[in-house]
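Residue-level listing of the chains:
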Amino acid sequence: MDAFKTVRIKNKTLSRFKSFSIKVSKSYSRTLDMVMDFFEWHGFLPDDRFGKSMVQEILKNRKRTEAMIAIIKDIEKNQTKPTNAMLLSLFEGQSEEEDEMVKWIEKIECKPLGDEVHIETTVPKIRYERLEDKMGLIKKDFGYVLDNVKLIKSSFGKNYFRLELTEGEIEKFKREIRNL
């Protein structure tokens with residue numbers, strides 16, 4: 001058991017300390033230890049007024065919290081959402097992808113009459129790149145078809161265009177368009 005020492009305290013202060021100690025701890029020594037630990041831990045002196053230093057601590061903690069929120073939002077925007085979109089696009093079926101493309105195309109420019117409201121949708125980067133590749137193939141095939149169209153000038157009627165493609169080439173184009 002620890003040895004006890006006495007300290008001289010005014011009666012008014014002692015009565016305040018006893019009532020405070022009953023609320024905080026079982027013993028007076030433990031209460032006094034807790035009070036001293038509080039001041040040492042937070043770096044305050046009993047003479048200090050908490051107004052300025054407490055506000056500074058709150059502001060510093062708020063800045064730290066806001067910095068953490070910014071970091072988490074950045075991680076979500078640059079890592080989690082694109083990764084999730086890539087995984088979803090890898091595991092989706094072909095028919096779901098076509099349905100989503102149709103919905104995406106419909107949402108590009110939806111303007112109600114009289115209002116200038118734009119609905120903006122985002123498309124995962126991998127899906128966008130796939131659509132660009134498909135569009136490139138379609139352009140190439142369409143260019144080939146246009147190169148094989150010939151204008152026939154008729155002497156007895158209207159001029160007309162003749163498509164100079166084989167049946168196999170036409171079937172190939174039909175199959176490619178169905179598979180897109």
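Data block above holds the structure.
Residues numbered from 1 in each chain as written. Predicted model: local features only at pLDDT ≥ 70, side-chain atom pairs only at ≥ 80, totals over all residues. Heavy atoms only, no water.

### Digging into the overall build of the protein chain
Then step 1. The secondary structure content of the protein chain amounts to 6 helices and 2 strands.
Then step 2. For the protein chain, the α and β elements follow one another from N to C terminus as α-α-α-α-α-β-β-α.
Then step 3. Looking at the protein chain residue by residue over its 180 residues, the buried ones come to 10%.
Then step 4. A fraction of 31% describes how many contacts in the protein chain between residues 6 or more apart in sequence connect residues 24 or more apart.
Then step 5. Carbon and sulfur atoms provide 59% of the accessible area of the protein chain, an area that totals close to 16,600 Å². (Helix = DSSP H or I, 4+ residues; strand = E, 2+ residues; numbered from the N terminus. Buried < 20%, exposed > 50% of the residue type's maximum accessible area, 1.4 Å probe, protein only. Contact = heavy atoms within 4.5 Å. Areas by Shrake-Rupley, 256 points an atom, 1.4 Å probe, with all protein chains shown as cover.)

### Remarks on the packing of helix 5 (residues 125–147) against helix 6 (residues 167–179)
Then step 1. At their nearest, the axes of helix 5 and helix 6 sit 12 Å apart, and the two run at 155 degrees to each other. Taken together, the axis directions place helix 5 and helix 6 in an arrangement best described as roughly antiparallel. Crossing angle aside, the handedness with which helix 5 passes helix 6 is left-handed. Residues Asp141, Tyr144 and Val145 of helix 5 form the contact with helix 6, whose own contacting residues are Glu169, Phe173 and Glu176. (Axes fitted to C-alpha atoms, helices over the stretch in contact; angles between N-to-C directions. Parallel < 35°, antiparallel > 145°, perpendicular 65-115°, else oblique. Left-handed = near helix turned anticlockwise from the far one by under 90°.)

### What to know about a positive patch on the surface
Then step 1. The grouping of Lys140, Lys172, Arg175 and Arg178 at the surface amounts to a positive patch.
Then step 2. A per-element tally of the positive patch places helix 6 first, with 3 residues.
Then step 3. Relative to the helices and strands, Arg178 is located in helix 6. (Patch = residues over 30% accessible without salt bridge, like charges linked within 9 Å, V, L, I, M, F, W, Y side chains within 5 Å. Salt bridge = Lys/Arg side-chain N within 4 Å of Asp/Glu carboxyl O. Lys, Arg positive; Asp, Glu negative; His and termini not counted. Charge placed at Lys NZ, Arg CZ, Asp CG, Glu CD.)

### Some details on helix 2 (residues 28–42)
Then step 1. With 15 residues, helix 2 ought to run about 21 Å at 1.5 Å a step, and its terminal C-alpha atoms sit 22 Å apart, in line with that.
Then step 2. Residue Gly43 follows helix 2 closely and has a positive phi angle near 75 degrees. (Expected span 1.5 Å × (residues − 1).)

### Describing the pattern of salt bridges
Then step 1. Inspection of every chain in the model, using the stated rule, returns 2 salt bridges.
Then step 2. Taking the shortest distance from any N to any O, the salt bridge between Glu164 and Arg162 comes out at 3.2 Å.
Then step 3. Classification of Glu164 as partly exposed rests on a relative accessible area of 36%.
Then step 4. A residue is classified by how much of its surface remains accessible, and Arg162, at 41% relative accessible area, is partly exposed.
Then step 5. The residue Lys174 makes a salt bridge to Glu171 at a minimum N-O spacing of 3.9 Å.

### Here's the deal with the side chain of Asp141
Then step 1. As for its position among the elements, Asp141 is in helix 5.
Then step 2. Within the buried core, Asp141 has no salt-bridge partner, and the shortest N-O distance to an opposite charge, that of Lys172, equals 5.1 Å.
Then step 3. Residues in contact with Asp141, not counting those within four places in the same chain, are Phe173 and Glu176.

### Some thoughts on the packing of aromatic side chains
Then step 1. Tallied over the entire structure, the rule returns 3 aromatic pairs.
Then step 2. Measuring from centroid to centroid gives 6.0 Å for Phe17 and Tyr28, while their planes differ by 45 degrees, and the two rings are tilted. Note that Phe17 is positioned in helix 1 (residues 11–24) and Tyr28 in helix 2, a separation of 11 residues in sequence.
Then step 3. The partly exposed category is assigned to Phe17, whose relative accessible area is 22%.
Then step 4. Relative to Phe39, the ring of Phe38 has its centre 5.5 Å away and its plane inclined at 75 degrees; by these criteria the two rings are edge-to-face.
Then step 5. The class for Phe38 is partly exposed, based on a relative accessible area of 39%. (Phe/Tyr/Trp six-rings, centres within 6.5 Å; stacked < 30°, edge-to-face > 60°.)

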